[in-house]
Amino acid sequence: MRRVTYAMSASLDGYIVGLDGDFNWTAPEEEVFRFWIEETRDLGVHLLGRRLYETMLYWETADQDPSLDAASLEWISVWNPLPKVVFSSTLSAVQGNARLASGGLAEEIERLRAQPGDGDIAIGGATLAAEAAALDLIDEYRVMVYPVLVGGGIAFFPQEGRRVDLELVGTRTFASKIVHLRYRVKR
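Each value, and the rule that gives it
- Residues numbered from 1 in each chain as written.
- Predicted model: local features only at pLDDT ≥ 70, side-chain atom pairs only at ≥ 80, totals over all residues.
- Heavy atoms only, no water.
- Salt bridge = Lys/Arg side-chain N within 4 Å of Asp/Glu carboxyl O.
- Helix = DSSP H or I, 4+ residues; strand = E, 2+ residues; numbered from the N terminus.
- Buried < 20%, exposed > 50% of the residue type's maximum accessible area, 1.4 Å probe, protein only.
- Expected span 1.5 Å × (residues − 1).
- Contact = heavy atoms within 4.5 Å.
- Phe/Tyr/Trp six-rings, centres within 6.5 Å; stacked < 30°, edge-to-face > 60°.
- Lys NZ or Arg CZ within 6 Å of the ring centre and 35° of its normal.
- Pairing = 2+ DSSP bridges.
- Axes fitted to C-alpha atoms, helices over the stretch in contact; angles between N-to-C directions.

Caption draft 1: Structural context of the pattern of salt bridges. Tallied over the entire structure, the rule returns 20 salt bridges. In this structure, E38 and R34 form a salt bridge, with 3.9 Å as the shortest nitrogen-oxygen distance. Residue E38 and its partner R34 are both found in helix α1 (residues 30-41); the two are separated by four residues, about one turn of the helix. Ionic pairing is found between R142 and D120, a salt bridge with its closest N-O pair at 3.2 Å.

Dropping the structure here:
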């Protein structure tokens, strides 16, 4: 069965966005960017909330920018064809290789798990991940920890008040001292 993963960058104090809405501290340096490209190659589909979807829309037309470097063009070649499912109560249409979710999160994940195909089902965005965590749908948590404390904002980890036991399945420390942690949910 396809795994459901939640992967985002976070500050050491656990936030994906700071109090002021800023997340420029997550701009990946080359080694981290290359890592995200390779991780994304292994995905079968990406589930996004509206805010993350709107942030990632930049990449739909970014290839028209002649100043982009080779890594950015490679990212576009991996990200844009990846199927995406957007969960939103306010959007009526989406662009690129995306579609609006037709049902609830649990139903959508069940449908995707039942379909043939390879690659993980990735969840992006803290609000959507919190809903998936509350429904016990996340199989792996993957966090790219940046050496910065932002003091508050949008938390990486859902705050639903329940315990989830995790098993460490991988770590990687980058030259920039950013650390990637990968945990599997113990079932």
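Caption draft 2: Geometry of unusual backbone geometry. A positive phi angle is found at D136, which is not glycine, with a value near 60°. Exposure remark for D136: the relative accessible area of 40% places this residue in the partly exposed category. The phi torsion at K177 lies on the positive side, around 75°, for a residue other than glycine. Tracing the chain through its elements places K177 in the loop between β9 (166-173) and β10 (179-185).

Caption draft 3: Focus on α1. Its twelve residues give α1 an end-to-end C-alpha distance of 17 Å, which sits within 8% of 16 Å, the value for a rise of 1.5 Å per residue. Among the residues of α1, those classed as buried are V32, F33, F35, W36, I37 and T40. Buried residues along α1 sit in contact with β1 (4-11), β3 (43-49), α4 (70-79), β7 (140-146), β9 and β10.

Caption draft 4: Representation of the packing of aromatic side chains in the model. Inspection of every chain in the model, using the stated rule, returns eleven aromatic pairs. An angle of 70° between the planes, with centres 5.9 Å apart, marks the rings of F35 and W36 as edge-to-face. Assigned by exposure class, F35 and W36 land together as buried. Between F156 and F157, the ring centres sit 4.5 Å apart and the planes meet at 80°, which makes this aromatic pair edge-to-face. Overall, the relative accessible area of 1% leaves F156 in the buried class. For F157, a relative accessible area of 38% corresponds to the partly exposed category. When the ring centre of W79 is taken as origin, the NZ or CZ atom of K84, which lies over that ring, is 4.8 Å away.

Caption draft 5: Structural detail: the environment of Y6. With respect to the helices, strands and loops of the structure, Y6 is situated in strand β1. Looking at Y6, the relative accessible area reads 0%, which means it is buried. For the pair Y6 and A93, spaced 87 residues apart in sequence, the C-alpha to C-alpha distance is 24 Å. Excluding its chain neighbours within four sequence positions, the residues that come into contact with Y6 are I123, G125, A126, A129, I138, E140, Y141, R142 and F156.

Caption draft 6: Here's a closer look at the sheet that holds β3. One open sheet holds the eight strands; their spatial order is β5-β4-β3-β6-β1-β7-β10-β9, and the pairing between them is mixed. With partners counted over all chains shown, the strands left at the sheet margins are β5 (98-100) and β9, one partner each. On average, each strand axis in the sheet is inclined to that of its neighbour by 25°, with strand direction left out of account.

Caption draft 7: A look at the pairing of β9. Sheet analysis places β9 next to β10, joined by seven bridges and oriented antiparallel. If you follow L166 over to β10, its bridge partner there is V185. In this structure, the hairpin formed by β9 and β10 is closed by a connection of five residues, where K177 is found at a positive phi of approximately 75°.

Caption draft 8: Region of interest: the side chain of D139. Along the polypeptide, D139 turns up in the loop between α6 (126-134) and β7. By relative accessible area, which is 15% here, D139 ends up buried. Sequence-distant contacts of D139, that is, excluding residues within four places in its chain, are made with R2, R3, V4, R113, Y183, R184, V185 and R187.

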